[in-house]
Amino acid sequence: MQTQYLDGLGQRRQAVNTAARLLREGGVVAIPTETVYGLAADALNPDAVERIFLAKGRPQDNPLIVHIADFADMQALVAAVDPRARALAEAFWPGPLSIVQPKAAIIPAAVSAGLSTVAIRMPAHPVAREIIAAAACPLAAPSANRSGRPSPTTAQHVLTDLNGRIDAVVDAGSCTVGVESTVISLAGEMPCLLRPGGVTLAQLEAVLGAVEVDPAVNAYVAQDAVVSSPGMKYQHYAPRAKVTLVHGSLEAFAAFAKQQPPDTVAMCFHGEEAALPIAALPYGKQNDPAGQAQQLFAALREADAQGAKFVLVRAPKREGVGLAVYNRLLRAAAFREVTL
Ligand code: TXA
Ligand code: MG
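Figured I'd write up the structure that's included with this text. Being a predicted model, the structure only gives us computed values, none of them experimental.

1. Some words on the nonpolar core
Item 1. Of all hydrophobic cores here, the largest spans 69 residues; its most connected members are Leu39, Leu88, Trp93, Leu97, Ile120, Ile131 and Leu204.
Item 2. Top contributing element to this core by residue count: helix 1 (residues 12-24), with 6 residues.
Item 3. Beyond its immediate stretch of four places on either side in the chain, Ile120 contacts Ile65, Val66, Ile68, Met74, Leu77, Val78, Trp93, Leu97, Ser98 and Ile99.

See below:
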């Protein structure tokens with residue numbers, strides 16, 4: 001299959017129209033969002049949804065987020081609109097928040113991976129919203145990477161993973177948030193954070209009151225475990241290199257880096273490069289979690305591009321958006337952490 005490159009910056013209207021036509025015809029198209037690039041298909045067309053799983057090599061038990069352009073579009077997709085979903089949407093949509101509720105019968109089993117719920121999100125990226133509106137259907141869209149690899153934050157990342165496997169990619173430059181949306185479940189009595197992201201736990205609690213945090217957010221989940229968010233149990237976001245997450249001071253990190261085999265690269269904070277005895281890839285400033293989120297996946301991919309066999313990563317603070325950065329790094333590291 002030939003993958004069409006659509007220029008969403010220089011020829012935006014044409015790119016949007018072509019993408020929408022391909023999607024209506026049952027194709028799979030990578031589209032920009034403010035979080036990461038998504039691999040979209042008509043959420044109500046089971047054959048199109050199946051193509052997403054095939055292109056990504058995605059496990060069938062991992063459900064997809066459904067993207068809409070208008071709050072009113074949610075009504076048809078869920079069993080009943082939860083008043084808490086309305087409050088969340090008013091506060092955070094369009095934006096990096098996916099809301100899980102009991103699903104309507106119209107949602108194909110492939111989208112919900114057999115669960116009784118569906119995750120819905122209204123992205124903020126103008127090109128994403130124009131494509132959804134022009135396609136005139138809700139779009140199922142996981143991140144547009146081969147399953148297990150770091151999520152793509154540029155069209156080039158998408159092509160590295162999926163060229164020849166998808167119908168088209170719409171290029172709109174780098175994603176501004178850089179990590180995937182926050183996923184919150186309203187399926188139980190107490191709201192539950194399933195995946196941290198651009199909308200923080202504190203922001204959610206300001207709207208909802210107390211929010212539970214799923215144990216899988218910060219800890220290892222056995223492969224055979226039954227979890228509320230299947231995506232959290234897979235090794236994920238990982239470059240080919242073996243990643244280790246390192247807690248401790250810059251001095252201790254530098255001394256530890258010196259003892260590593262050749263072909264080890266350090267992912268550090270901006271400005272720390274000169275203090276390190278090995279090749280360094282900065283991913284944001286130490287006290288800027290939003291900047292870390294924005295650069296995280298590009299840095300993990302760059303480690304591969306440089307041929308690194310091992311990557312040591314300076315652990316981020318687990319506060320605010322930093323919780324999302326930590327959650328992704330923990331999975332990229334297959335839960336290998338050392339404290340110096
Ligand atoms: O920012 C994002 O959310 C991006 C962009 C493209 O919108 N999409 C994305 O999708 O990250 P994906 O498939 O890579 O991650 C979806 C996550 C997975 O962890 C999945 O298990 C969870 O959401 N999820 C989806 N539907 C769910 C449901 N009904 N119940 C619980 N978890 C669900
Ligand atoms: Mg993903």
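2. Some points on the packing of helix 3 (residues 83-92) against helix 7 (residues 201-208)
The description of two helices packed together rests on the angle between their axes and the distance between the axes.
Item 1. The contact between helix 3 and helix 7 brings their axes to 10 Å, and the two run at 125°. What the angle tells us is that helix 3 and helix 7 run oblique. In this structure, helix 3 crosses over helix 7, and the sense of that crossing is right-handed. Residues Arg84, Ala87, Leu88, Ala91 and Phe92 of helix 3 form the contact with helix 7, whose own contacting residues are Gln203, Leu204, Val207 and Leu208.
Item 2. When the residues that make up the contact of helix 3 with helix 7 are grouped by side-chain class, the tally is 7 nonpolar, 1 polar and 1 charged.

3. Things to note about unusual backbone geometry
Item 1. Cis geometry marks the peptide bond from Trp93 to Pro94, where omega comes out at -10°.
Item 2. Summarising the element assignment, Pro94 is placed in the loop between helix 3 and strand 5 (97-102).
Item 3. Notably, Ala136 is not glycine yet its phi reads approximately 60°, a positive angle.
Item 4. Checked against the element boundaries, Ala136 lands in the loop between helix 5 (126-135) and strand 7 (139-140).

4. Side note on the sheet that holds strand 16 (residues 337-339)
Item 1. Spatially, 5 strands are ordered 14-13-15-12-16 in an open sheet, and the strand pairing comes out parallel. In this open sheet, the two strands that pair with only one neighbour each are strand 14 (280-282) and strand 16. The mean angle between the axes of side-by-side strands here comes to 25°, regardless of whether they run parallel or antiparallel.
Item 2. Pairing of strand 12 (residues 242-247) with strand 15 (residues 310-314) involves 5 bridges; the strand directions are parallel. What sits directly across from Lys242, in strand 15, is Phe310.
Item 3. Sitting on the sheet, helix 9 (residues 289-305) touches strand 13 (264-268), strand 14 and strand 15, and the angle it makes with strand 14 is about 160°.
Item 4. Against the sheet, helix 10 (residues 322-332) makes contact with strand 12, strand 13, strand 15 and strand 16, and its axis sits at roughly 135° relative to strand 12, the strand it touches most.

5. Let's talk about the side chain of Ser98
Item 1. Relative to the assigned elements, Ser98 resides in strand 5.
Item 2. Here Ser98 falls in the buried class, since its relative accessible area comes to 0%.
Item 3. Separated by 2.8 Å, the side chains of Ser98 and Ser181 make a polar contact.
Item 4. For Ser98, the contacting residues outside a window of four places in its chain are Ile65, Ile120, Arg121, Ser181, Thr182, Val183 and Ile184.

6. Overview of the sheet that holds strand 6 (residues 117-121)
Item 1. The strand order across the open sheet formed by 11 strands is 1-8-2-3-7-4-6-5-9-10-11, and the pairing between neighbours is mixed. Both outer strands of the open sheet, strand 1 (4-7) and strand 11 (212-213), are each paired with one neighbouring strand and no more.
Item 2. With 3 bridges connecting them, strand 4 (residues 65-67) and strand 6 associate as parallel partners. If you follow His67 over to strand 6, its bridge partner there is Arg121.
Item 3. Sheet strands in contact with helix 2 (residues 46-56) are strand 3 (38-42) and strand 7, and its direction is about 155° off that of strand 3.

Rules of the game
Along every chain, residues carry numbers that run from 1 in the direction the sequence is written. Written order determines the labels here, with chains lettered from A and ligands numbered from 1. Thresholds applied to this predicted model are a pLDDT of at least 70 for local features of residues and 80 or more for the giving and counting of side-chain atom pairs; totals over whole chains, interfaces and linings are not thresholded and use all residues. To get the side-chain values, take all heavy atoms of the structure and skip hydrogens and water. Working definition of a nonpolar core: buried Ala, Val, Leu, Ile, Met, Phe, Trp, Tyr and Cys residues. They are joined through side-chain atoms within 4.5 Å. Exposure categories follow from relative accessible area, calculated using a 1.4 Å probe and restricted to protein chains: below 20% of the type maximum is buried, above 50% is exposed, and the middle band is partly exposed. Only DSSP runs of H or I with at least four residues qualify as helices, and only runs of E with at least two residues qualify as strands; both kinds are numbered from the N terminus onward. Throughout, a residue-residue contact means that at least one pair of heavy atoms, one from each residue, lies within 4.5 Å. Axes, fitted as lines to C-alpha atoms, cover a helix only where it is in contact. Angles between the N-to-C directions of the axes lie from 0 to 180 degrees. Roughly parallel here means an angle under 35 degrees, roughly antiparallel means over 145, roughly perpendicular means 65 to 115, and every remaining angle is called oblique. Crossing handedness is defined as follows: a turn of the near helix away from the far one that is anticlockwise and smaller than a right angle gives a left-handed crossing, while the clockwise case is right-handed. Gly falls in the polar group here, along with every residue not listed as nonpolar (Ala, Val, Leu, Ile, Met, Phe, Trp, Tyr, Cys, Pro) or charged (Asp, Glu, Lys, Arg). When DSSP finds two or more bridges between two strands, those strands count as paired. A 3.5 Å cut-off defines polar contacts: any pair of N or O atoms within that distance qualifies, except that in protein one atom must be a possible hydrogen donor and the other a possible acceptor, and neighbouring residues in sequence count only when both atoms are side-chain atoms.

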